[in-house]
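# Working through the structure, step by step
One letter stands for each residue in the lines below.
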Amino acid sequence: MSGFFTLLYKEGLRFWRVWFQTVLAPIITALLYLLIFSHALSKHVQVYPGVSYINFLVPGLVMMTVLQNAFANSSSSLIQSKITGNIVFMLLTPISYLEFFLAYMLASMFRGLIVGSGVLLGTLLFAPEYFHAPLLSLLFAMLGGGMLGALGIIAGIWSEKFDQLAAFQNFIIMPLTFLSGVFYSLHSLPAFWWQVSKFNPIFYAVDGFRYGFLGVSDVSPGISLLVVTTCFVALSSICLILLQRGYKLRY
Amino acid sequence: MSSPAIQISHIHKSFGHFQALLDVSLTIEQGEFFALLGPNGAGKTTLISILAGLTRATSGSAQVMGHCVIDDYKAARRELGMVPQELAYDPFFTVRESLRIQSGYFGLRHNDDWIDEILTRLGLFEKADMNMRTLSGGMKRRVLVAQALVHKPPVIVLDEPTAGVDVELRQSLWEFIRQLNSAGHTIVLTTHYLEEAETLCERVAMLKQGKIVALDRTANLLKSCGEMKLHLTLNPDSLPETLQSRVYHKTEHGYTLKISSPEEIEPILVHLREAGVHIDDLSLSHPDLEDVFVQIMGRA
């Protein structure tokens, strides 16, 4: 397992070396969202009875940050290693495909959790939060981070150029995260879009995470947990199959 | 009986319709210093990539120290250190960090003594705490060699390790590699510098279009190429018609003639004397690996 721990350490060190870009910048971005949306909408929108808009918004922003950063970590690390060629240093070693997957996925999850924690701490300055079931929120953050970390591995393996990865990020990840109920309740949508949104797994990650704060949600947290866990397992399985076959890594 | 360092059996590799390797079989014994030669695109890198697990053979099998590179890949990769041809590096780390991380991948946690030794032997010690980004191309190449050696592999494969590096590195690198070979490490080398292969390697395989076209001891290959070369500087600079068929090439300094044995020199001298041509300079050279290479590639 030493190879696994070294790869995990290397992946952690990699993003920590550029913390200004990988940790601080997304925290500032999330806080700006909070500042603007809460200022613009807090007097006009009340999503759940007895819950202010800013208290509704904070968990969504935290989870969105966790998910986006988890995806960014594994996908950018892999595409950089492939393009610069240094992925060969890992491929020449006895590290198994399972260890490879776990190291990249966990490093992504850690980055998501670190940046998400930074956003949460920052938002507490604006709005004291409720913590209805914090461990459930942590579980959703870990599963969501793992799910997007695994999706990042798939994108990193599949992409051969930076613009392919950018397309993945801009046309899949961004719409899914922005249309996942971070800024609004899905109940406020017309019936058609509410049905469409039910197919977005990120909605369940955000909704379940928010339940841990507020104790209210759009769908039952049990259903959200089931959907997020299923997606995490499915994406992890795809990663393992790709890595075991050496898809676009071992020719 | 100990297993061969490398055993390659009936390897085929195709990329789509392109056949990169065609039924390649090769055994390299432990302790050998072996050269894999061939023109660009002959399949050398593909073959050693199969050994290292970077490429998967379409059919056939490969073993490193008796371990199959597919079924027993963990053991096979522990036995193999490979210096890749591409100048890859991780820009996030220093030289020492890169070597510690590489050690960790092989399960070696306290490897600093050996890392210090390789850094010293490869002239990298003073660069140990510098970021990889800041190193020159030659220095990066040295780090690639160091990374391949962190786990003290019994089999070391170097894919064109001296491409584009200065004379000093070449000499210090080969001295270090020779010492590793003397200590029992098997060395497999691909290079376009044939004089390096001739000086260092006991045995040579030549690949052309994915097939092995020559496999023998270096000395035997040199013997098999019977042609010697007679270099003549003449006054006047004009070769008699009777000797024109022997011309290998002509330079501004004179003529190089092909001969198959030293006995042929005397008749040539007679022809020159009869034509009234004086010899200002004369030298004889034996065939080198480049001659063998050109001859084999030409006829294969």
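Keep in mind the model is a prediction, meaning the values are calculated, not measured. (Residues numbered from 1 in each chain as written. Chains lettered and ligands numbered in written order. Predicted model: local features only at pLDDT ≥ 70, side-chain atom pairs only at ≥ 80, totals over all residues.)

A few words on the overall build of chain B. The number of helices and strands found in chain B is 10 helices and 14 strands. Dimensions of chain B, computed from C-alpha atoms along their principal axes, come out at roughly 75 × 45 × 40 Å. For chain B, the residues scored as buried account for 39% of the 300 residues in total. Long-range pairs, those at least 24 residues apart, make up 69% of the contacts in chain B between residues at least 6 apart in sequence. (Helix = DSSP H or I, 4+ residues; strand = E, 2+ residues; numbered from the N terminus. Buried ≥ 20, exposed ≤ 12 C-beta atoms within 10 Å, placed from the backbone. Contact = placed C-beta atoms within 7 Å.)

A word on the nonpolar core. Ranked by internal contacts, the top residues of the largest apolar core, which has 143 residues, are Met147(A), Ala205(A), Leu51(B), Ala146(B) and Val157(B). Counting residues per element, this core draws most heavily on helix H3 (residues 53–84) of chain A, at 15 residues. Once you skip the residues sitting within four places of it in the chain, Val157(B) turns out to touch Ile48(B), Leu51(B), Ala52(B), Leu80(B), Met82(B) and Val188(B). (Core = buried A, V, L, I, M, F, W, Y, C linked by C-beta atoms within 7 Å.)

Our focus in this paragraph is the pairing of strand E7 (residues 155–159) of chain B. All names here are of chain B. Of all 5 residues that make up E7, 5 are buried, and the element is covered over most of its length. The two faces of E7 match: Val155, Val157 and Asp159 on one face and Ile156 and Leu158 on the other face are all buried. Note: strand E6 (residues 80–83) against E7, 4 bridges, orientation parallel. Counted as the bridge partner of Val83 is Leu158 from E7. The pairing of E7 with strand E8 (residues 186–190) spans 5 bridges and is parallel. Within E8, the position partnered with Val157 by the bridge is Val188. Crossover E7 to E8 through helix H6 (residues 167–182) is right-handed. (Pairing = 2+ DSSP bridges. Right-handed = clockwise from strand over helix to strand, strands pointing away.)

Our focus in this paragraph is the confidence of the model for chain B. Taken over all residues, the pLDDT of chain B has a mean of 89, while the share at 70 or more is 99%. Across the assembled chains, the prediction reports ipTM 0.87 with pTM 0.87. (pLDDT = per-residue confidence, 0-100.)

So, on to helix H10 (residues 221–245) of chain A. In an α-helix, one turn spans 3.6 residues, which is why side chains three or four residues apart end up on the same side. Residues and elements named next belong to chain A. Here H10 is 25 residues long and its end C-alpha atoms lie 36 Å apart, about the 36 Å a rise of 1.5 Å per residue gives. On its buried face, H10 sits against helix H5 (97–123), helix H6 (134–158) and helix H9 (201–214). Phi turns positive, to about 75°, at Gly246, one or two residues after H10. (Expected span 1.5 Å × (residues − 1).)

For the rest of this paragraph, the subject is the interface of chain A and chain B. If you look at the interface, chain A gives 21 residues, while chain B gives 23 residues. Contributions of two or more residues to the side of chain A that touches chain B are made by helix H1 (2–17) and helix H4 (88–91) of chain A. Here the side of chain A that touches chain B gets 7 residues from one element, more than from any other, and that element is H1(A). Its residues placed into classes, the side of chain A that touches chain B shows 9 nonpolar, 8 polar and 4 charged. (Nonpolar A, V, L, I, M, F, W, Y, C, P; charged D, E, K, R; others polar.)

Residue and element names in this part refer to chain B. The buried fraction of strand E14 (residues 278–285) amounts to 0 of the 8 residues, a small share that puts the element mostly on the outside. Relative to E14, strand E11 (residues 228–235) is paired through 7 bridges, and the arrangement is antiparallel. Bridge pairing in E14 places Leu230 opposite Leu284.

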